[in-house]
Amino acid sequence: MGAEHRDPAFGPQEEPLTEIYDKSDAKAQIDGQLAVLWDNSRAHGLPTKSAEVGYKTSFGRQLGVVSARTVKNLLRNPRTSVLQLAMMVLLGALVGAIYWQVNDSKSSGLQNRVGALFFIIMNLIFGNLDAVELFIKERAIFIHENASGYYRVSSYFLAKVLCDMIPRRTIPPLIFCAIAYYMIGFQSDVEKFFIFSLTMVLVAVAGSALAFFFSATVQVFAIANLLIALCYVFMMLFGGFVVNVGSVLSWLQWIKWLSFFRYGLNAASINELHGKEFCDYDVKRNISDCLPGDAYLTAQGIPFGSAWDLWQNILALASMAVIMLVLAYVQLRRLKKLK
């Protein structure tokens, strides 16, 4: 037990054992012996740092084992995945019902189409808020197992990302697109449907990749959740639908180049509106008032003259997703494994 001393306010207290040890002759003796060993090691050129952790198994073996464990955890608690899938089906049907078979009129057809595209993108991006917990929830386990040489950072990262990205960030958006696309009444062309689906999947993947980055960077779930929501809101504001980006202060306009909303909405708008006309008919006077979809794209500053104008947005989404995933991996590698 520690030595007692009196405090005038609280009476007798015990001095902490750590402070007693710091003042003891035993600690001074041990420090002296360690100093001698350290000097001898340096004098003989011996390593003075702990040896790097070695791995007894290959990358493929580690990837398979960690992936199998992750899949088992998902199967043991399937409620989250099943609920997310059910929500996507329900939301797809609800969006399809709200925008049921939109017409081609100038007064409502154009507005409803663009509104539906924006709402779908917003839902797919904000639906990734739960991805923030991917690396936060098992951070302590990962640090312990990686420091003990169970697996590499790369095998753990790839297994976790693939087992989360495919069943929860790729398949549900595809089901959502299959339900909502034809219910809304977008152009019934197979190529346009696949471009729409590809765009929406990449929007969801890019949104989840940003969430993975914050999950690997921040230790507290509440803080990570706040940061990712703030990023999503700014991306939405500079996506080109809520506010005309050209009217924003010039020193803020650069944010549009970081907006998933902007690239997703541009690609989806070109895919749906390019070459299409929206007309109001006056039956009594036999007059039609038409607005080409290309005129709307021009007014929004969306280039559409070539195929590259469409695919550059899709490529930007894919590139930003890859960049965010690489940054998330770097952040995992930077975690202090030995304490």
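See the structure above.
No experiment lies behind these values; they were computed from the predicted model shown.

### A word on the overall build of the protein chain
Thinking step 1. A tally of helices and strands in the protein chain yields 13 helices and 4 strands.
Thinking step 2. The burial tally for the protein chain puts 41% of its 339 residues in the buried class.
Thinking step 3. Nonlocal contacts in the protein chain, meaning residues at least 24 apart in sequence, comprise 72% of its contacts between residues at least 6 apart.
Thinking step 4. Of the roughly 19,300 Å² of accessible surface on the protein chain, 64% is carried by carbon and sulfur atoms.

### Here we look at the side chain of Arg139
Thinking step 1. Tracing the backbone shows Arg139 in helix α7 (residues 139-147).
Thinking step 2. Despite its burial, Arg139 pairs with no opposite charge; the closest candidate is Glu138, at 11 Å N-O.

### Here's the deal with the pattern of salt bridges
Thinking step 1. Summed over all chains, the structure comprises 9 salt bridges.
Thinking step 2. Put simply, Asp104 and Arg113 hold a salt bridge, and the shortest N to O gap is 3.1 Å.
Thinking step 3. According to the relative accessible area criterion, Asp104 is partly exposed, its value standing at 36%.
Thinking step 4. Residue Asp164 is joined to Arg169 by a salt bridge in which the shortest nitrogen-to-oxygen separation is 2.9 Å. Each member of the pair, Asp164 as well as Arg169, is classed as buried.

### Quick word on the state of the cysteines
Thinking step 1. Summed over all chains, the structure comprises 1 disulfide.
Thinking step 2. Here Cys279 engages in a disulfide with Cys290; their sulfurs sit 2.0 Å apart. On the sign convention where negative is left-handed, the bridge of Cys279 and Cys290, at about 110 degrees about the S-S bond, is right-handed. Taken together, the residues span a long stretch of sequence, with Cys279 in strand β3 (residues 277-282) and Cys290 in strand β4 (residues 287-292) at a distance of 11 residues.
Thinking step 3. Overall, the relative accessible area of 10% leaves Cys279 in the buried class.
Thinking step 4. Given a relative accessible area of 32%, Cys290 falls into the partly exposed group.

### Here we look at the packing of aromatic side chains
Thinking step 1. What the rule picks out here adds up to 19 aromatic pairs.
Thinking step 2. A ring pair is formed by Tyr151 and Tyr156, whose centres lie 5.5 Å apart and whose planes are at 10 degrees; its orientation type is stacked.
Thinking step 3. Ring pairs connect the aromatic residues Phe135, Phe142, Tyr151, Tyr156, Phe157, Phe212 and Tyr329, which therefore count as one cluster.
Thinking step 4. Here the guanidinium or amino end of Arg262 rests over the ring plane of Trp257, the centre of that ring lying 4.4 Å away.

### Quick look at the nonpolar core
Generally speaking, a soluble globular protein has its nonpolar side chains buried in company with each other.
Thinking step 1. Judged by nonpolar contacts, the single largest core of 82 residues is most densely connected at Phe135, Ile184, Phe212 and Leu332.
Thinking step 2. Apart from the residues within four sequence positions on either side, Ile184 is in contact with Val95, Gly96, Tyr99, Trp100, Gln101, Val102, Ala116 and Ile120.

### Some words on the packing of helix α5 (residues 109-126) against helix α9 (residues 190-217)
Thinking step 1. Closest axis-to-axis distance for the α5/α9 pair is 8 Å, and the angle between their directions is 35 degrees. The handedness of the crossing between α5 and α9 comes out as right-handed. Facing Leu117, Ile120, Ile121, Leu124 and Ile125 of α5, the residues of α9 in contact are Phe196, Met200, Val203 and Ala204.
Thinking step 2. Split into classes, the residues belonging to the contact of α5 with α9 amount to 9 nonpolar, no polar and no charged.

### Some details on the packing of helix α11 (residues 260-273) against helix α13 (residues 307-334)
Thinking step 1. At a closest axis distance of 9 Å, the pairing of α11 and α13 adopts a crossing angle of 150 degrees. On the basis of the axis angle, α11 is roughly antiparallel to α13. In terms of crossing hand, the pair formed by α11 and α13 is left-handed. In this structure, α11 uses Phe260, Tyr263, Gly264, Asn266, Ala267, Ile270 and Asn271 to contact α13, whose residues at the interface are Asp309, Leu310, Asn313, Ile314, Ala316, Leu317 and Met320.
Thinking step 2. When grouped by side-chain class, the residues that make up the contact of α11 with α13 number 9 nonpolar, 4 polar and 1 charged.

### Points about unusual backbone geometry
Thinking step 1. Its identity is not glycine, yet Gln101 carries a phi of approximately 45 degrees, on the positive side.
Thinking step 2. With respect to the helices and strands, Gln101 occurs in the loop between α4 (79-98) and α5.
Thinking step 3. Using a relative accessible area of 42% as the deciding quantity, one classes Gln101 as partly exposed.

### Considerations on the environment of Leu297
Thinking step 1. Along the chain, Leu297 turns up in helix α12 (residues 293-299).
Thinking step 2. Distance in space between the C-alpha atoms of Leu297 and Asn266 is 8.7 Å, their sequence separation being 31 residues.
Thinking step 3. Non-local contacts of Leu297, meaning those with residues more than four positions away in its chain, are made with Ser269, Ile270, Leu273, His274, Ile302 and Phe304.

### Focus on the side chain of Asn271
Thinking step 1. By secondary structure assignment, the location of Asn271 is in helix α11.
Thinking step 2. Setting aside chain neighbours within four positions, we find Asn271 in contact with Gln187, Lys192, Ile195, Phe196 and Leu310.

### Remarks on α9
Because an α-helix completes one turn every 3.6 residues, residues spaced three or four positions apart along the sequence face the same direction.
Thinking step 1. In this model α9 runs 41 Å from its N-terminal to its C-terminal C-alpha over 28 residues, within 8% of the 40 Å that 1.5 Å per residue would give.
Thinking step 2. Of all 28 residues that make up α9, 22 are buried, and the element is covered over most of its length.
Thinking step 3. Its side-chain oxygen 3.0 Å from the backbone nitrogen of Glu191, Asp189 forms the N-cap of α9.

What counts as what
Residues numbered from 1 in each chain as written. Predicted model: local features only at pLDDT ≥ 70, side-chain atom pairs only at ≥ 80, totals over all residues. Heavy atoms only, no water. Helix = DSSP H or I, 4+ residues; strand = E, 2+ residues; numbered from the N terminus. Buried < 20%, exposed > 50% of the residue type's maximum accessible area, 1.4 Å probe, protein only. Contact = heavy atoms within 4.5 Å. Areas by Shrake-Rupley, 256 points an atom, 1.4 Å probe, with all protein chains shown as cover. Lys, Arg positive; Asp, Glu negative; His and termini not counted. Salt bridge = Lys/Arg side-chain N within 4 Å of Asp/Glu carboxyl O. Disulfide = S-S within 2.5 Å. Phe/Tyr/Trp six-rings, centres within 6.5 Å; stacked < 30°, edge-to-face > 60°. Lys NZ or Arg CZ within 6 Å of the ring centre and 35° of its normal. Core = buried A, V, L, I, M, F, W, Y, C linked by side-chain atoms within 4.5 Å. Axes fitted to C-alpha atoms, helices over the stretch in contact; angles between N-to-C directions. Left-handed = near helix turned anticlockwise from the far one by under 90°. Nonpolar A, V, L, I, M, F, W, Y, C, P; charged D, E, K, R; others polar. Parallel < 35°, antiparallel > 145°, perpendicular 65-115°, else oblique. Expected span 1.5 Å × (residues − 1). Polar contact = N/O pair within 3.5 Å; in protein donor to acceptor, adjacent residues only side chain to side chain.

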